[in-house]
Amino acid sequence: MGVTYKYFGAPDRATAARVPNTAERDEITGEPLRGGLSTKVKPETMAAMVLTAIKGMPLSEVPPLELVVLHPDYAVVQLPELVVAPLRKASEEQLGAAAFIWSTVPDRRGPRDAYVLYQMLHEWQGFAHRVHDAGHQLYCLVWP
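Fair warning: this is a prediction, and the values are worked out from it, not measured in the lab.

1. Concerning the nonpolar core
Line of reasoning, step 1. The biggest cluster of nonpolar side chains holds 35 residues, and the ones touching the most others in it are Tyr7, Met46, Leu79, Leu87, Leu121, Trp124 and Leu138.
Line of reasoning, step 2. Ranked by residues supplied to this core, first place goes to helix H2 (residues 43–54) with eight residues.
Line of reasoning, step 3. Sequence-distant contacts of Met46, defined by excluding residues within four places in its chain, comprise Val41, Leu87, Met120, Leu121 and Trp124.
Line of reasoning, step 4. Counting residues in each nonpolar core, the second largest holds ten residues, with Ala10, Val19, Tyr139 and Leu141 among its members.

Spelled out as structure tokens, the structure:
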């Protein structure tokens, strides 16, 4: 049994907090989360990857994510603009460099993962643009 991460856009924290109540667990990709992004990547990992590898921030200075709602069955966290803006604005070279840097983190399998990480960052960048263009903020629904 693992943890599921569903990233989605919402116009504000109140709307994001209501999302789990409007979607059944089996229909978690339903209306409020349409166009969302499901992944096994933790929001803390995503924030650290963007801020350390793209923005050059030391890992010790990466701020915690903002908790929107905590429920016994799920949590919703917000990825702050501090994380989302650098990802949206990153060039192809920055995405490639970030993927390579992150692929060398000891818990990874090594540089052979760099291209997979690059593809993931590119997908994330497109998602961040879609959320921003809709006038929304980026959130993550986490449940076991």
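And the narrative resumes.
2. A short note on H2
Line of reasoning, step 1. Here H2 is twelve residues long and its end C-alpha atoms lie 16 Å apart, about the 16 Å a rise of 1.5 Å per residue gives.
Line of reasoning, step 2. Burial analysis of H2 places ten of its twelve residues in the buried class, which makes it a mostly covered element.
Line of reasoning, step 3. Looking only at H2, the buried set comprises Pro43, Met46, Ala47, Ala48, Met49, Val50, Leu51, Thr52, Ala53 and Ile54.
Line of reasoning, step 4. Buried residues in H2 make contact with strand E1 (4–10), strand E4 (75–79), helix H3 (81–89), helix H4 (92–103), helix H5 (114–133) and strand E5 (137–143).
Line of reasoning, step 5. Of the residues flanking the end of H2, it is Gly56, one or two places downstream, whose phi is positive at about 80°.

3. Notes on the packing of aromatic side chains
Here the distance between the centres and the angle between the planes together describe a pair of aromatic rings.
Line of reasoning, step 1. Taken as a whole and judged by the stated rule, the model has four aromatic pairs.
Line of reasoning, step 2. Between the aromatic rings of Trp124 and Phe127, the centroid separation amounts to 6.4 Å while the plane-to-plane angle is 90°, which identifies the pairing as edge-to-face. With Trp124 and Phe127 both in helix H5, this residue pair falls three residues apart, about one helical turn.
Line of reasoning, step 3. Among the aromatic residues, those joined into a ring-pair cluster are Tyr7, Trp124 and Phe127.

4. Details of the packing of H2 against H4
Line of reasoning, step 1. At their nearest, the axes of H2 and H4 sit 9 Å apart, and the two run at 115° to each other. In this view, H2 runs roughly perpendicular relative to H4, as classed from their interaxial angle. By crossing handedness, the relation of H2 to H4 is classed as right-handed. Mapping the contact onto sequence places Thr45, Ala48, Met49, Thr52, Ala53 and Ile54 in H2 and Gln94, Leu95, Ala98, Ile101 and Trp102 in H4.
Line of reasoning, step 2. Each residue belonging to the contact of H2 with H4 can be placed in one class, and the counts come to eight nonpolar, three polar and no charged.

What counts and how
Think of each chain on its own: its residues are numbered from 1, step by step along the sequence as written. The predicted nature of this model means local features are confined to residues of pLDDT at least 70 and side-chain atom pairs, given and counted, to a pLDDT of 80 or more, with totals for whole chains, interfaces and linings taken over all residues. Note that the side-chain values use all heavy atoms of the structure and ignore hydrogens as well as water. As used here, the term nonpolar core means buried Ala, Val, Leu, Ile, Met, Phe, Trp, Tyr and Cys residues forming a set that is joined through side-chain atoms within 4.5 Å. Categorising residues by exposure relies on relative accessible area from a 1.4 Å probe, with only protein chains included: less than 20% of the type maximum marks a residue as buried, more than 50% marks it as exposed, and the intermediate range marks it as partly exposed. Numbering of helices and strands runs from the N terminus; a helix is a DSSP stretch of H or I covering at least four residues, while a strand is a stretch of E covering at least two. Here a residue-residue contact requires only that any non-hydrogen atoms of the pair lie within 4.5 Å. One fewer than the residue count of a helix, multiplied by 1.5 Å, yields its expected span. Each Phe, Tyr or Trp ring (for Trp, its six-membered ring) is paired with any other whose centre lies within 6.5 Å, and the angle between the two planes then decides the class: stacked below 30 degrees, edge-to-face above 60, tilted in between. Only the stretch in contact is used when a helix axis is fitted, and all axes are lines through C-alpha atoms; the angle between N-to-C directions ranges over 0 to 180 degrees. In these notes the angle categories are as follows: under 35 degrees is roughly parallel, over 145 is roughly antiparallel, 65 to 115 is roughly perpendicular, and the rest is oblique. Take the far helix as the reference: if the near one is turned anticlockwise from it by less than a right angle, the crossing is left-handed, and if turned clockwise, right-handed. Gly is put with the polar residues, along with every residue not named as nonpolar or charged; the nonpolar set is Ala, Val, Leu, Ile, Met, Phe, Trp, Tyr, Cys and Pro, and the charged set is Asp, Glu, Lys and Arg.

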